[in-house]
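Single-letter residue listing:
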Amino acid sequence: MNCVRERHNMNFIDKAFAQNLKGDDFLQAMADIYSEPEVYKELKKYPRFVADIINVIDYDTTLQMDGLDDVISGNLSNRYKEIINALENFGAKDEADVLKKAKKLYVLDDGSYDKEYNNLSSRLALNNDYDGFWDMVRAYIDRNLS
């Protein structure tokens, strides 16, 4: 990695790479984005999968705290495309499809979004195979770090 810095100036991503973290350890290290939010501005310096992991962490956090609405029309709506790409990159195609359908219904604004909201929410990994979802993320990390 071309990221040579003095040790005391390393952010959590640099430290994760320096420690050769893999799988869940790498995933847990990326959750430090909340204690070092300035790193969002530096994500382009790292391999694409790092931003994907952070997007998925943000997606999951927002989904749990504020629900699907906040992902497609609220705080994360400006990163909707990046979240879709991240989900597709690690293989969560069904999850990405649910978000796409929710966004499409929301944009139509014909009342169908509100009617379909519970159905869409029930299809999310959070309400189904949540462990399997994170297993896919960990496998994606390992594929990118090997």
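Relevant structure appears above.
Worth saying up front: this structure is predicted, and the values here are computed from it rather than measured.

What counts, and where the lines are drawn
- Residues numbered from 1 in each chain as written.
- Predicted model: local features only at pLDDT ≥ 70, side-chain atom pairs only at ≥ 80, totals over all residues.
- Heavy atoms only, no water.
- Helix = DSSP H or I, 4+ residues; strand = E, 2+ residues; numbered from the N terminus.
- Buried < 20%, exposed > 50% of the residue type's maximum accessible area, 1.4 Å probe, protein only.
- Lys, Arg positive; Asp, Glu negative; His and termini not counted.
- Salt bridge = Lys/Arg side-chain N within 4 Å of Asp/Glu carboxyl O.
- Contact = heavy atoms within 4.5 Å.
- Patch = residues over 30% accessible without salt bridge, like charges linked within 9 Å, V, L, I, M, F, W, Y side chains within 5 Å.
- Areas by Shrake-Rupley, 256 points an atom, 1.4 Å probe, with all protein chains shown as cover.
- Charge placed at Lys NZ, Arg CZ, Asp CG, Glu CD.
- Phe/Tyr/Trp six-rings, centres within 6.5 Å; stacked < 30°, edge-to-face > 60°.
- Polar contact = N/O pair within 3.5 Å; in protein donor to acceptor, adjacent residues only side chain to side chain.
- Expected span 1.5 Å × (residues − 1).

Participant: Looking at this model, I keep getting lost on the side chain of aspartate 60. Mind explaining?
Facilitator: Along the chain, aspartate 60 falls in helix α3 (residues 48-66). Arginine 138 is the oppositely charged side chain nearest to the buried, salt-bridge-free aspartate 60, at an N-O distance of 10 Å. Setting aside anything within four residues of it in sequence, one finds aspartate 60 in contact with Leu126, Tyr130 and Trp134.

Participant: Please clarify how a negative patch on the surface should be interpreted in this entry.
Facilitator: On the surface, a cluster of negative charge is made up of Asp69, Asp109, Asp110 and Asp114. You can call aspartate 114 exposed: its relative accessible area is 61%.

Participant: Honestly, the packing of aromatic side chains in this entry has me stumped. Any pointers?
Facilitator: Where two aromatic rings form a pair, the distance of their centres and the angle of their planes describe that pair. Enumeration according to the criterion identifies 11 aromatic pairs in this entry. Pairing tyrosine 130 with tryptophan 134 gives two aromatic rings, centres 6.3 Å apart and planes at 85°, and the pair type is edge-to-face. Residue tyrosine 130 and its partner tryptophan 134 are located together in helix α8 (residues 130-145), separated by four residues, close to a single helical turn. With relative accessibility at 11%, the residue tryptophan 134 sits in the buried group.

Participant: Would you mind going over unusual backbone geometry with me for this structure?
Facilitator: The phi angle at asparagine 20 is positive, at roughly 55°, despite the residue not being glycine. Looking at where asparagine 20 falls in the secondary structure, it is placed in the loop between α1 (12-18) and α2 (23-30). Note on asparagine 20: relative accessible area 58%, which makes it exposed.

Participant: What exactly am I supposed to notice about the side chain of aspartate 58 here?
Facilitator: Residue placement: aspartate 58 occurs in helix α3. You can call aspartate 58 buried: its relative accessible area is 4%. Only 2.6 Å separates the side chain of aspartate 58 from the side chain of arginine 79, close enough to count as a polar contact. Ignoring any residue separated from it by four or fewer positions in sequence, one finds aspartate 58 in contact with Ile33, Tyr34, Tyr40, Leu76 and Arg79.

Participant: What is the right way to read helix α7 (residues 112-123) from this model?
Facilitator: Along an α-helix, residues three or four positions apart point the same way, because every turn accommodates 3.6 residues. Taking 1.5 Å of rise per residue, 12 residues should cover 16 Å, and α7 covers 16 Å from first to last C-alpha, within 8% of that figure. On its buried side, α7 packs onto α4 (68-72) and α6 (93-108).

Participant: Hey, could you run me through the environment of serine 122 in this one?
Facilitator: Looking at where serine 122 falls in the secondary structure, it is placed in helix α7. Considering only alpha carbons, one finds serine 122 and valine 98, 24 residues apart in sequence, at a separation of 9.8 Å. Residues within four places of serine 122 in sequence aside, it is in contact with Asn127 and Asn128. Side-chain polar atoms of serine 122 contact the backbone oxygen of asparagine 119, separated by 2.7 Å.

Participant: Help me out: how do you make sense of the environment of aspartate 58 in this one?
Facilitator: A C-alpha to C-alpha distance of 8.8 Å links aspartate 58 and alanine 31, two positions 27 residues apart in sequence. Among the polar contacts listed, one links the side chain of aspartate 58 to the side chain of tyrosine 40, at a separation of 2.7 Å.

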